[in-house]
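This is what each chain is made of:
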Amino acid sequence: MKLYCLSGHPTLPCNVLKFKSTTIMLDCGLDTTSVLNFLPLPLVHSPRLSKLPGWVSKDGSINLEKELKECGGRVFVDSQPELCLPERELMDLSTIDVILISNYHCMMALPYITEHSGFTGAVYATEPTLQIGRLLMEELVNHMERVPKAQTATCWKNKEIQRLLPGPLKDVAEVWAWKRCYTIQEVNSALSKVQLVGYSQKVELFGAVQVSPLSSGYSLGSSNWIIQSHYEKVSYMSGSSLLTTHPQPMDQSSLKNSDILILTGLTQMPTANPDGMLGEFCSNLAMTIRAGGNVLVPCYSSGVIYDLLECLYQFIDSANLGSTPFYFISPIANSSLEFSQIFAEWLCHNKQSKVYLPEPPFPHAELIQTNKLKHYPSIHGDFSSEFRQPCVVFTGHPSLRFGDVVHFMELWGRSSLNTIIFTEPDFSYLDALAPYQPLAMKCVYCPIDTRLNFHQVSKLLKEIQPLHVVCPEQYTQPPPAQSHRSDLMLELPAPPLPYRRCSVLSLPFRRRYERIHLLPELAKSLVPSEVKPGVSVATVSGMLQSKDNKHTLMSVPRPPPAAPTKKRKRVAEEPPELLAPKPLLSGAVPLDGFLATLHKHGVSEVKVEETADGHILHLQAEDALIQMEAHATHIVCDNNEPMRTTLRDLVLRFLQKL
């Protein structure tokens, strides 16, 4: 059993498991942190960004003015933002049989895998994961294609040039794995390969293993996966949450008794309490609005935004914000809000029960009806005529490199009355803000990450007790910025097996058993013999047939009688003779009883020598030796076959034949 690790990002995993002749990819996360090294894509012409000076090395030997621009004391790539793909050279991706998707954030690299590697297998995901994943991919494509850039910067990626660049560009790894965004045609083709599954539904792969998704409690339709055969069980945990939010609660009991647990997707903010961050979010939002400023919330178009809107729904009236407009701007804003209301069976019990009242599960439906929340596909069109300030704007992308958020940063960044509140934990807010410096608007960092923290996962692992745990190496040591915090790492009685990008792990687990079906006619011929009370054993001779990873033991077919013929058959054409199997022996030879039997048969001169494993009997008159051990008896008798046969028969008297 081997695990190939294609991604170094612990919350955007991409691993391949080879198990019982099947090759299974576990998630295909797309690392978007690479876009922080690029200049933002403004929706309208930005005089500030267009006048940035190009970068030239101090000695003038390297001139990359067309590719690199200096801004706020840092150097950025002036090109279409590129995304960091999973490793594609470690193994042949065309050999992958299936891809299992755990949540919609972990499927964003799917088009790169399915459309450019010769992949011919199937992809399994829940319905909300597919539909919301489709929306997020369409949004990403829309953001990139709306502001196209003709040039592609590649010279700076040369190793000799990159090491001379200023940081952080100098230290960026895997730059040749960065690629431009896929097209909408590639998205549609990739998603056409997805087959929908429900929680606890068992899907058989080639008769070898069964896979089954379980609720992970993190997002709509998010799953952990069980991969098991008759005698082995592998669990894959990715992006799980024990907090009471909008998705179905996590299914923990089904993860018990795993031989291997692959653990990924823990919280990126182990020191930030989600409830505390929500409170801070609301209070900072209210303070800014009361002071006459605007609030910008860069966020994804699905996920935490549902909880933010629900929190604001309860907070608006108590904070006297009833007249403040809330805008949600995204090409998929309408679809995202509607999807969250129709996937009732994937929600927690409290929200499911509202559907039968009937009431919308999420309160943002009421905010829309009362015109407190308005959604628009972009800043153009209706929004520009209905826009009024002070207001709160939810828009993407959280990296601040593309999307409508770039326009609002240029619009509001120069006023200290305005506030930007970061709620997504995927990006460093200081790096996100770097190309907009100097910035007058206030910045508040309230990362809301509901995934398991180290304390929760340690407690969970004590309950489900897997034999072996495999996890990213980042979880086996404290964060670099807090090296003294030993509580911010995974501490288990048996050390976990760490992995990093491009590593191949041989998992410490050997398969010992295989299930074989016995045909009824062969079963009828068995004659069990009782070897000890309650235990019977029977020998079986048959022909083993293996087909589609199913093994069947059947009777040996008897050769048909040969038709009489005048021609002499060649010896090689005759069917092999079926020999009766030799009987199996069980039991032990008692020393005293055996000596008495020898004496009865005229063997009286016996010298007994004790050894570590048993006894050696020297038959001096017969010039023979019998070596008696716990699991074997050896008779040594030179040039006296009748005596050897007699001694063998005397030994067999004490053993049971099967």
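Values in this document were obtained by computation on a predicted structure and should not be read as measured data.

**A word on the overall build of the protein chain**
Scanning the protein chain from N- to C-terminus turns up 17 helices and 36 strands. Projected onto its principal axes, the C-alpha coordinates of the protein chain cover approximately 115 × 70 × 70 Å. If you take every contact in the protein chain between residues at least 6 apart in sequence, the share linking residues at least 24 apart comes to 70%. Surface summary for the protein chain: the accessible area is close to 31,900 Å², and the carbon and sulfur share equals 52%. In the protein chain, 59 positive and 64 negative side-chain charges are present, and the distance between their average locations comes to 3 Å.

**What to know about the sheet that holds strand β11 (residues 194–196)**
On the basis of which strands lie adjacent, the open sheet formed by 7 strands has the order β11-β9-β8-β3-β2-β1-β25 and mixed pairing. Edge strands, defined here as strands with exactly one partner in the open sheet, are β11 and β25 (504–506). Ignoring which end each strand starts from, the neighbouring axes of this sheet average 25 degrees apart. Bridge count between strand β2 (residues 15–19) and strand β3 (residues 22–26): 5 bridges; the pairing is antiparallel. Bridge pairing links asparagine 15 to leucine 26 in β3.

**Side note on a nonpolar patch on the surface**
The grouping of Val531, Val535 and Val537 at the surface amounts to a nonpolar patch, some 170 Å² of accessible area in total. Summarising the element assignment, valine 537 is placed in strand β28 (residues 535–537).

**Re the packing of aromatic side chains**
All told, the structure shown has 20 aromatic pairs when counted by the stated rule. Relative to phenylalanine 343, the ring of phenylalanine 339 lies with its centre 5.4 Å away and its plane at 5 degrees, an arrangement referred to as stacked. Ring pairs connect the aromatic residues Tyr327, Tyr376, Phe383, Phe387, Phe408 and Trp412, which therefore count as one cluster. Residue placement shows lysine 157 over the ring face of tryptophan 176; its charged tip is 5.6 Å from the ring centre. One Lys or Arg, lysine 351, reaches over the ring of phenylalanine 362 and ends 4.9 Å from the middle of that ring.

**What about the pattern of salt bridges?**
According to the stated counting rule, one finds 17 salt bridges in the structure shown. With its nearest N and O atoms 3.2 Å apart, the salt bridge here joins glutamate 514 to lysine 20. Note that glutamate 514 is positioned in the loop between β25 and β26 (516–518) and lysine 20 in the loop between β2 and β3, a separation of 494 residues in sequence. The salt bridge partner of arginine 451 is aspartate 449, with a shortest N-O separation of 2.9 Å. Classification of aspartate 449 by relative accessible area gives buried; the value is 5%. Connected through shared salt-bridge partners, Glu87, Glu174 and Arg501 make up one network.

**Considerations on the side chain of aspartate 426**
Assignment of secondary structure puts aspartate 426 in the loop between β21 (419–422) and α13 (429–433). This buried residue, aspartate 426, is left without a salt bridge; arginine 451 holds the nearest opposite charge, at 4.1 Å. At a separation of 2.7 Å, a polar atom in the side chain of aspartate 426 contacts the side chain of glutamine 268. At 2.7 Å, the side chain of aspartate 426 and the side chain of tyrosine 300 are in polar contact. Setting aside its immediate chain neighbours within four residues, aspartate 426 contacts Thr33, Gln268, Tyr300 and Arg451.

**Remarks on the confidence of the model for the protein chain**
The predicted model of the protein chain has a mean per-residue pLDDT of 88, with 97% of residues at 70 or higher. Mean pLDDT in the protein chain bottoms out at strand β36 (residues 656–657), which sits at 74, and peaks at strand β8 (residues 98–100), which reaches 97.

**Thoughts on the nonpolar core**
Grouped together as the largest cluster of nonpolar side chains are 109 residues, with contacts concentrated most on Met25, Ile99, Leu110, Tyr182, Leu285 and Phe394. Tyrosine 182 has contacts with Leu30, Met108, Pro111, Tyr112, Met137, Leu140, Val141 and Val187, leaving out every residue within four places of it along the chain. Listed in part, the 27 residues of the second largest apolar core include Cys5, Leu100, Val203 and Phe509.

**Considering the side chain of serine 229**
Assignment of secondary structure puts serine 229 in the loop between β14 (223–228) and β15 (233–238). For serine 229, a relative accessible area of 12% corresponds to the buried category. At 2.2 Å, the side chain of serine 229 and the side chain of glutamate 232 are in polar contact. Setting aside residues up to four positions removed in sequence, serine 229 forms contacts with Phe19, Lys20, Ala208 and Val209.

**Digging into helix α14 (residues 454–464)**
For α14, the full list of buried residues reads Phe454, Gln456, Val457, Ser458, Leu460, Leu461 and Ile464. Looking at the packing, one finds that the buried side of α14 touches β15, β16 (260–264) and β23 (468–472). Where α14 starts, the residue carrying a side-chain oxygen 3.2 Å from the main-chain nitrogen of histidine 455 turns out to be asparagine 453. Of the residues flanking the end of α14, it is glutamine 465, one or two places downstream, whose phi is positive at about 50 degrees.

**Brief notes about the sheet that holds strand β30 (residues 550–554)**
Pairing in this open sheet of 3 strands is mixed, and the strands run β26-β30-β29 from one edge to the other. The open sheet is flanked by β26 and β29 (543–547), the only strands paired with a single partner. Looking at each pair of strands side by side, their axes are set apart by 30 degrees on average, direction ignored. Across 5 bridges, β29 lies against β30 in antiparallel orientation. The residue of β30 that forms the bridge with glutamine 545 is threonine 552.

**Here's the deal with unusual backbone geometry**
Geometrically, the link from glutamine 389 to proline 390 is a cis peptide bond, its omega value of -5 degrees lying close to zero. Along the chain, the position of proline 390 falls in the loop between α11 (382–386) and β20 (392–395). The residue after glutamine 437, namely proline 438, is reached through a cis peptide bond having omega -5 degrees. Along the chain, proline 438 turns up in the loop between α13 and β22 (442–445). Despite not being glycine, asparagine 549 shows a phi value in the positive range, around 60 degrees. Within the fold, asparagine 549 resides in the loop between β29 and β30.

**Some words on the packing of helix α16 (residues 591–600) against helix α17 (residues 641–652)**
α17 packs onto α16 with a crossing angle of 140 degrees between their chain directions and a minimal axis gap of 10 Å. When the axis of α16 is compared with that of α17, the two are oblique. In the packing of α16 onto α17, the handedness of the crossing is right-handed. Between α16 and α17, the contacting residues are Phe594, Thr597 and Leu598 on the first element and Leu647, Leu650 and Val651 on the second. Along the lines of polarity and charge, the residues of the contact of α16 with α17 split into 5 nonpolar, 1 polar and no charged.

Reading the values: the criteria
- Residues numbered from 1 in each chain as written.
- Predicted model: local features only at pLDDT ≥ 70, side-chain atom pairs only at ≥ 80, totals over all residues.
- Heavy atoms only, no water.
- Helix = DSSP H or I, 4+ residues; strand = E, 2+ residues; numbered from the N terminus.
- Contact = heavy atoms within 4.5 Å.
- Areas by Shrake-Rupley, 256 points an atom, 1.4 Å probe, with all protein chains shown as cover.
- Lys, Arg positive; Asp, Glu negative; His and termini not counted.
- Charge placed at Lys NZ, Arg CZ, Asp CG, Glu CD.
- Pairing = 2+ DSSP bridges.
- Axes fitted to C-alpha atoms, helices over the stretch in contact; angles between N-to-C directions.
- Patch = residues over 30% accessible without salt bridge, like charges linked within 9 Å, V, L, I, M, F, W, Y side chains within 5 Å.
- Salt bridge = Lys/Arg side-chain N within 4 Å of Asp/Glu carboxyl O.
- Phe/Tyr/Trp six-rings, centres within 6.5 Å; stacked < 30°, edge-to-face > 60°.
- Lys NZ or Arg CZ within 6 Å of the ring centre and 35° of its normal.
- Buried < 20%, exposed > 50% of the residue type's maximum accessible area, 1.4 Å probe, protein only.
- Polar contact = N/O pair within 3.5 Å; in protein donor to acceptor, adjacent residues only side chain to side chain.
- pLDDT = per-residue confidence, 0-100.
- Core = buried A, V, L, I, M, F, W, Y, C linked by side-chain atoms within 4.5 Å.
- Parallel < 35°, antiparallel > 145°, perpendicular 65-115°, else oblique.
- Left-handed = near helix turned anticlockwise from the far one by under 90°.
- Nonpolar A, V, L, I, M, F, W, Y, C, P; charged D, E, K, R; others polar.

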